[in-house]
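The lines below spell out each chain.
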Amino acid sequence: MPVEHVLDRTRQNTLKRRLTSWSLAGFGVGVIIGTGIFTLVGVEAKAHAGPAVVVSFMIAGLVAALAALCYAELASAVPTAGSAYTYAFATLGELFAWIIGWDLLLEFALGAAVVSRSWSGYVANLLDLPAEWFGEQATVNIGAVFIIAVLTVVAVAGIRESSRLTNLLVVVKVSVCVLIVVAGLFFVRGANLDPFVPPAKPAEAGASLVDQPLIQAVAGLEQSVFGFGGVLTAAAVVFFAYTGFEALANLGEETKNPKRDLPRGLLGSLAVCTVLYVAVALVLTAVVDYRKIDEGAPISAAFQSVGAPWVGALVGLGAITGLTSVMMVELVTLGRIGFAMSRDGLLPRPFSEVHPRWRTPHRMTIAIAVLIMLLAGLVPITELADMVSIGALSGFFIVALAVPVLRRRNPELERPFRVPLSPVLPVVTALACLYLMSNLDVFTWLRFGVWLLLGLLIYLFYGRRHSVLAHGAGKGTGKGTEPGPGMKDGGAGD
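Residues numbered from 1 in each chain as written. Predicted model: local features only at pLDDT ≥ 70, side-chain atom pairs only at ≥ 80, totals over all residues. Heavy atoms only, no water.

With respect to a nonpolar patch on the surface
Part 1: A cluster of nonpolar side chains, contributed by L95, I99, L453, L456, L457, L460 and F461, occupies part of the molecular surface with about 590 Å² of accessible area.
Part 2: Mapped onto the nonpolar patch, the elements with two or more residues apiece are helix 6 (94-127) and helix 18 (442-466).
Part 3: With five residues, the single largest contributor to the nonpolar patch is helix 18.
Part 4: The topology assignment puts F461 in helix 18.
Part 5: Classification of F461 as exposed rests on a relative accessible area of 58%. (Patch = residues over 30% accessible without salt bridge, like charges linked within 9 Å, V, L, I, M, F, W, Y side chains within 5 Å. Areas by Shrake-Rupley, 256 points an atom, 1.4 Å probe, with all protein chains shown as cover. Salt bridge = Lys/Arg side-chain N within 4 Å of Asp/Glu carboxyl O. Helix = DSSP H or I, 4+ residues; strand = E, 2+ residues; numbered from the N terminus. Buried < 20%, exposed > 50% of the residue type's maximum accessible area, 1.4 Å probe, protein only.)

Re the state of the cysteines
Part 1: Counted under the stated rule, the structure contains zero disulfides.
Part 2: A disulfide-free cysteine, C177 has its sulfur positioned 8.5 Å from the sulfur of C273, the nearest such atom.
Part 3: With no disulfide of its own, C433 lies closest to C70 among cysteine sulfurs, the gap being 8.4 Å. (Disulfide = S-S within 2.5 Å.)

So, the nonpolar core
Part 1: Ranked by size, the top nonpolar core spans 139 residues in total, and within it F38, F57, Y85, F239 and F245 carry the most contacts.
Part 2: Ranked by residues supplied to this core, first place goes to helix 6 with 17 residues.
Part 3: Setting aside residues no more than four positions away along its own chain, F38 makes contact with I33, Y122, C177, I180, P298, I299, V315, G318, A319 and G322. (Core = buried A, V, L, I, M, F, W, Y, C linked by side-chain atoms within 4.5 Å. Contact = heavy atoms within 4.5 Å.)

Some details on the pattern of salt bridges
Two side chains of opposite charge can pair, provided their charged atoms sit close to one another.
Part 1: Enumeration according to the criterion identifies four salt bridges in this entry.
Part 2: With its nearest N and O atoms 3.4 Å apart, the salt bridge here joins E73 to R415. Separated by 342 residues along the polypeptide, E73 in helix 4 (residues 53-77) and R415 in the loop between helix 16 (385-409) and helix 17 (424-438) bring together distant segments of the chain.
Part 3: A salt bridge links D289 to R291; the shortest N-O distance between them is 3.1 Å.
Part 4: Under the relative-accessibility criterion, D289 is labelled buried at 18%.
Part 5: Sharing partners across several salt bridges, the network here consists of E73, R407 and R415.

The following block contains the structure:
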C-alpha cells in the first residue's frame, strides 16, 4: 500500500486537529509514568535484578529511545492515526499491517486491563475498601471495571477533554515522583545497594521450562535469576513501563503541526520519564533491602517501613492519579488504532465513523472498552503483564524496519525529522528489540503465538475480503470510506 494512499485515506475521513507539542508531552508522560514506576520497579528488583534494576531501566530506556527516533521520523512523514499499523501498511503491505495492528490492540488492551487492576488495588489500600471487590483475589474486580467505564465516557467526549484531564493528572503524579526522590534521600542506606548486582543463582525448585526466558531455553542453559541475566530479564519486563510513548504517534491527525510537534512530544516525554524512573528505582533500592520489598505497593511500603507513613500516603495518591492518566491515554490510543484499521476495511466499517458532535471514534472506543472491562474484571495481573512487553517490542521491531524501507520506496517524501545513521541505527534498534523479547519467558511467547494465529485467521476470513485494497485503493465499498456530514475540507469544528 503506497504512502499516497495512506494519506488519501486520512484526507477522506479526518479527526479534528487540536493538540500542540505541550499537549503531546502531557499525554506521553501521562501514559509512560504509571505501573512501571509505582509497581514494576519493586517487583523486578525483588525477583530478578536487585538494586541493578536501575540498570534494567536504563537498558529498556535506551531501546525505547532508539525506537522513538524511528517513530519520530515516520510520525512526522506520515502524520495519521494508527501509529505502527499505518507505517507498516505504507511500507510492508497489508498483511504486515494487520499483524502489527492486531498486536497493538493486544498491547494496549492488556495494558489498560493491567493498570486498572493496579489502580483498584491502590484505591482499596488507601481507602481500606473490601478486598473481595477490589483486590487481586476478587472474583470480579469491581474497581477495575468501574474506572474503565468512567474513563471511557471522557475518551468518547473528546480529545481536548481527554488531554485536559490527562495533563492535570500528570502534574500531580510528577510532583509525587519528585517527592519520592527528595524524601527518599533522607532515608538512604548505602548497605542496601551492596551488592548492586546480586550474584546469579538457580531458579526456585519446581519452575518449569515455560517459565524460563526463551534465550536460556534455546541455549540449553540452567534456569537462573539475578546476575547480569537477571538484569536483562528485568529490562525486558520493565519495558512495559516505556511502551506508552508510542501512543503519541496515534495522534498525528489531531496534532496542529505534526511534523514539528510529534518528534518533540515523543522524545521529550521519553527523556523526562527515563530520568524519573532511574531516580525512583535508585531511591527505592537504597531505602529498603531489595529482598524485603513489598510487591503490592513497594514505594508506599518502603516509606512506611522507615517511619514516614505520610510520604507513603502521598505516594498512594500519586499512584492512583498516575494510573488513571495511563488508562486515559490507552483508551484514546485504542480508539485511534481501531479507527485506522476500520477505515482500511480490515475491521467492520462502522468502527471508522466519528461522532457527529465530539469528532471522536466513539464506536471503536466503546467496543474495546467493553473488552478491557471483561479482562480487568476477571483476569489477574500476573496473567496479563508480560504480554504487553512482547507486544510492544514486536511493534517497535516493525517500526524500526519500516524506516529504511520507506526511505527506499519513497525517497521524495518530506521528512522534517530523520533518524541519524540510517539504515544502521534502525537495524540496531530492531535487533535490540528482538534481544529483549528473547529474555521473556517461553509461556509468554506461546500465548503471543496463539494471539497472532487468531489474528491471522480473522484477516484471512474477513479482513482480506473487505479491505480497501481488495476493492481498489481509495474506492472502498463501505459506509466508512466516504466523508460523513461535516467531515469534508479537513474535518468539522468544535
